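Structural overview for review
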Amino acid sequence: MTVRVEWLSAAELDAVYAEALSILESVGMRMKGAAVLDVLRGAGAAVDETGVVRFPAELVERAVAACPRDLLMAGETSEQDVVLDGSRTFFNVSGCAAKTLDGATGQVRPSTLKDLRDGTIVLDATPELDVVWTFLTATDVPLERRELVEYYTYLTETAKPVVFVDCPTQTEHVRRIFEIASGDLERFRARPRMSLLCAARSPLEVNGELLDVAVEFASLGAPICVYSMPISGATAPITPAGTLALLWAEVLGTITAIETAVPGAPVLACCGPGILDMRYTTMSLGNLESTLMGAASSELGHRLGIPVHNSGLSTDAKHSGVQAGYEKGLKLMTAVASGADLVSGGFGFLDSSSTFSLEAIPIDAEIAAMAGRMARGIEVTPETLMGDAIRRVGIGGDFLREKDTRTRVRAGEHFVPRIGSRLPFEQWLGEGRTEADAAADAVRAALAARAERGPRLSEGQRRELADVCGIGPADVA
Amino acid sequence: MADIYAEAAESIVNADRASAEEIAQRALDSGIAPADIMQNGFVKGIQEVGELFESGEVFLPELMMSADAMAGATEVTNAALEGEAAEAKGRIVLGTVQGDVHDIGKAIVIAYLKANGYEVTDLGRDVPAASFIARAKEENADIIGMSALLTTTMEEQRKVIKTVKDEGLPYKTVVGGAPCTQRWADQIGADAYAEDANDGVKKIDALLGK
């Protein structure tokens, strides 16, 4: 069995959807400068001279019907493939930060190419992490070279599916990257190694150039992560229900533009609402209202037949301490129990996804593993009821010497933490190790393994990629 | 008569724009100079709001409404100056850098700076580096304020600051936005980093010796 929790009733979900459709029809979305406006106009949308598109409900519903329910994000091999088909939750990192919590000094500093490289290596080595969004900015690489150097680093350090979070400025280079990574564009279409994130600007705007890039990539078969990140009380209404209505208007408006231009394009509804903390004027992602809105979004997306992402691992904590633990735990369990297809927030991220910490990755992996185990629930079969064993052991016996105990322990019947400690107290005290020490060990092990293994992709692929991305000696480890 | 100054301050603390406008007009009608009722009445109010915000007793929506009440009082007193603008504490040009279109934080900061006596020119969003410099020259600004919300656009702040330094221009530079930190500000040579609207006012006051 799989655990599912219901947050909104069917009637409540329909009410949110109806409000979103009404917003799109009466207010619309500004998509100024997008070439796709002509396509939308031709399909029956009203487009005014300022680039505001008003969508008839039937156009949106046609687009929703065209969305494939299952979505493939391909890895370097099928072993790393992620298929979002509603059967389980997959996990992601977050993006895109410019600050790193330095594990050695404890200081927050601008992020570097080395941070990005090390982070990708550790994420690649983390079994619980499935997808790598472009998560960090190499602030030490000159801006004019940065985008391509970053792409090279991601693709040569992870075999997992990659999502470009920021809009590429050099789309010709990106097409070439698709070809190199997959062999050719036909193989890329069959197994898309890279996806693109297309984010709205709340309330109710999307950059026209970004939208056109999304349509271009969608036409090549790249999944598009259609992202809405409204902030309750600032760029969205103060209520979670109102924010949900606005969020889904933005998601559906953007999806409609993409599906009208490229019917059947794989899209992921990415729901990452935040709130504006009115006391500290900070944007919060680790709060409970965002958790609820994410859960409700999973329900609505699935009701519409669209795979859904939410930022279920976010925390407002500035370090991997108590706050990070309870916020990530509560949020992630909610997201997984709601059936979110992909959860970000994400591995290694702190301070509302603005700061990256290498040492937080193994800790987040543990939280994800625990949430995943909880979501699998309890398997009830004649074998697992173990009636024969209970009768055999009888009254006052023990089950330690049962063969099933031994084989099922080895098969993972009970979740075994890698970071958390279950040592007896005196032993724990004597070892003098904390969760942070265990996490640091995991990081060191991942980096050492990479040093021995070498980079990802074939030598030929790396050479071609280096050529396209203008890689110099300073850009590689 | 002393009560009218307290009333003025209270109208700002209560975020009551209608009341602030009425009190401002009543003060002027009774012969109180515009600068007097502003400095000894309304400004005291906005300063108290700032302290209440810092201590957590006032939240952002109330801060914004107080700033709005201050704008109302300022409109009334400025109108009485018969074409002479009230002397501002300083002149600021402020915008969101090129490639970036987030502006809600900027809007909050601008409203609060104005409420605290600064003349602020809102340059809008997606502002090229050269435009910050050109508008600072045009407005005879004291401060160039730059907001960036994206990690990819923060570099624009560095560009503006480099131009100010290379050309020996007289402007102080202040940066802000979610990905910015004090360390980033130090790295790019900004004169100040503003963590939020209230912090922005304090840092700019300090830069200009107010």
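The model shown is predicted, which means the values in this text are computed figures rather than measured ones.

Take the overall build of chain A next. Of regular secondary structure, chain A possesses 18 helices and 21 strands. Considering only C-alpha atoms, chain A reaches an extent of 80 × 60 × 50 Å along its principal axes. The burial tally for chain A puts 55% of its 477 residues in the buried class. Restricting to contacts in chain A with at least 6 residues of sequence separation, those with at least 24 account for 74%. As displayed, chain A has an accessible area near 20100 Å², and 56% of this comes from carbon and sulfur atoms. Looking at chain A, you have 45 positive and 64 negative side-chain charges, and the mean spots of the two groups are 4 Å apart.

Further remarks concern the overall build of chain B. When helices and strands are counted, chain B shows 9 helices and 5 strands. If you list the helices and strands of chain B from N to C, you get α-α-α-α-β-α-β-α-β-α-β-α-β-α. Its C-alpha radius of gyration of 18 Å places chain B within 12% of the 17 Å reference for a compact globule of 210 residues. Along the longest, intermediate and shortest principal axes, the C-alpha atoms of chain B span 55 × 35 × 30 Å. In chain B, buried positions account for 48% of the 210 residues. Taking the contacts inside chain B whose residues are at least 6 apart along the sequence as the reference set, 71% of them involve residues at least 24 apart. Surface exposure of chain B reaches about 9400 Å², of which carbon and sulfur atoms provide 49%. One way to put it: in chain B the 19 positive side-chain charges average out to a point 9 Å from where the 36 negative ones average out.

Hydrogen bonds between backbone groups are what pair the strands of a sheet, and the pairing can be parallel or antiparallel. Residues and elements named next belong to chain A. Taken in spatial order, the 4 strands line up as β8-β7-β21-β20 in an open sheet, and their pairing is mixed. Taken across any chain shown, the strands that pair with only one partner, and hence form the sheet edges, are β8 (108-110) and β20 (349-350). Pairing geometry for strand β7 (residues 99-101) and strand β21 (residues 355-356), over 2 bridges, is parallel. Residue pairing in the sheet places K99 in a bridge with T355 of β21.

Okay, the packing of aromatic side chains next. Residue and element names in this part refer to chain A. For the structure shown, the criterion picks out 9 aromatic pairs over all chains. Summarising the aromatic geometry, the rings of F178 and F217 are spaced 5.2 Å apart at their centres and angled 65 degrees between planes, so their arrangement reads as edge-to-face. Here F178 is found in helix α6 (residues 171-182), whereas its partner F217 is found in helix α8 (residues 208-220), with 39 residues between them in sequence. The residues F178 and F217 share a single accessibility class, namely buried. Each ring, one from F349 and one from F356, has its centre 5.6 Å from the other, and the planes form 55 degrees; the classification is tilted. Residue F356 is classed as buried on the basis of its relative accessible area of 1%.

If you look at the interface, chain A gives 22 residues, while chain B gives 23 residues. When chain A packs against chain B, the two sides together hide about 1800 Å² of surface, and 60% of this comes from carbon and sulfur. Counting across the chain A and chain B interface gives 2 salt bridges. With its nearest N and O atoms 3.6 Å apart, the salt bridge here joins E205 of chain A to R125 of chain B. The interface formed by chain A and chain B holds 4 residue pairs in polar contact (both at pLDDT 80 or more) in total.

Another point: the confidence of the model for chain B. Per-residue confidence for chain B gives a mean pLDDT of 91, with 97% of residues at or over 70. ipTM for the predicted complex: 0.74, alongside a pTM of 0.88.

Moving on to the nonpolar core. By size, the foremost hydrophobic cluster in this structure holds 134 residues, and its most contacted members are M31, L40, I224, W248 and I258 of chain A. For this core, the element with the most residues is helix α9 (residues 240-261) of chain A, which contributes 11 residues. Counting residues in each nonpolar core, the second largest holds 45 residues, with Y5, I23, F42 and A197 of chain B among its members.

This next bit is on the pattern of salt bridges. Counted by the stated rule, this structure contains 46 salt bridges over all chains. Here R201 of chain A ties to E205 of chain A by a salt bridge, and the two come within 2.6 Å at their closest N and O atoms. Given the relative accessible area of 15%, E205 of chain A is considered buried. A salt bridge links E54 of chain B to K202 of chain B; its shortest N-O distance comes to 2.5 Å. Of this pair, E54 of chain B sits in helix α3 (residues 34-54) while K202 of chain B sits in helix α9 (residues 197-207), and the two are 148 residues apart along the sequence. The class of E54 of chain B is partly exposed, set by a relative accessible area of 44%. In this structure, a network of salt bridges that share partners links the residues R30, R201 and E205 of chain A together with R125 of chain B.

Moving on to helix α10 (residues 288-304) of chain A. Residue and element names in this part refer to chain A. Given a rise of 1.5 Å per residue, 17 residues ought to cover 24 Å, and the 25 Å separating the end C-alpha atoms of α10 matches this to within 8%. Regarding α10, the residues found buried are S290, T291, M293, G294, A295, A296, S297, S298, E299, L300, G301 and L304. Structurally, the start of α10 carries an N-cap: the backbone nitrogen of E289 is 3.0 Å from a side-chain oxygen of N287. Looking one or two residues beyond α10, the residue adopting positive phi is G305, at roughly 85 degrees.

To continue, consider the environment of E259 of chain A. Residue and element names in this part refer to chain A. Among the secondary structure elements, E259 is positioned in helix α9. Once the C-alpha coordinates of E259 and R201 are considered, the two residues, 58 residues apart in sequence, prove to be 19 Å apart. Discounting chain neighbours no more than four positions away, the residues touching E259 are A63, A66, C67, P68, G264, A265 and V267. A distance of 3.3 Å separates a polar atom in the side chain of E259 from the backbone nitrogen of A265.

Residue and element names in this part refer to chain A. In this structure, K328 sits in helix α11 (residues 322-337). According to the relative accessible area criterion, K328 is buried, its value standing at 2%. Within the structure, the side chain of K328 is placed 3.3 Å from the backbone oxygen of L313, a separation counted as a polar contact. With residues near it in sequence (within four places) discarded, K328 still touches G312, L313, S314, T315, G346, F349, D364 and I367.

Calculation criteria
- Residues numbered from 1 in each chain as written.
- Chains lettered and ligands numbered in written order.
- Predicted model: local features only at pLDDT ≥ 70, side-chain atom pairs only at ≥ 80, totals over all residues.
- Heavy atoms only, no water.
- Helix = DSSP H or I, 4+ residues; strand = E, 2+ residues; numbered from the N terminus.
- Buried < 20%, exposed > 50% of the residue type's maximum accessible area, 1.4 Å probe, protein only.
- Contact = heavy atoms within 4.5 Å.
- Areas by Shrake-Rupley, 256 points an atom, 1.4 Å probe, with all protein chains shown as cover.
- Lys, Arg positive; Asp, Glu negative; His and termini not counted.
- Charge placed at Lys NZ, Arg CZ, Asp CG, Glu CD.
- Rg over C-alpha atoms; globule rule 2.2 N^0.38 Å.
- Pairing = 2+ DSSP bridges.
- Phe/Tyr/Trp six-rings, centres within 6.5 Å; stacked < 30°, edge-to-face > 60°.
- Buried area = accessible area lost by both parts, 1.4 Å probe.
- Salt bridge = Lys/Arg side-chain N within 4 Å of Asp/Glu carboxyl O.
- Polar contact = N/O pair within 3.5 Å; in protein donor to acceptor, adjacent residues only side chain to side chain.
- pLDDT = per-residue confidence, 0-100.
- Core = buried A, V, L, I, M, F, W, Y, C linked by side-chain atoms within 4.5 Å.
- Expected span 1.5 Å × (residues − 1).

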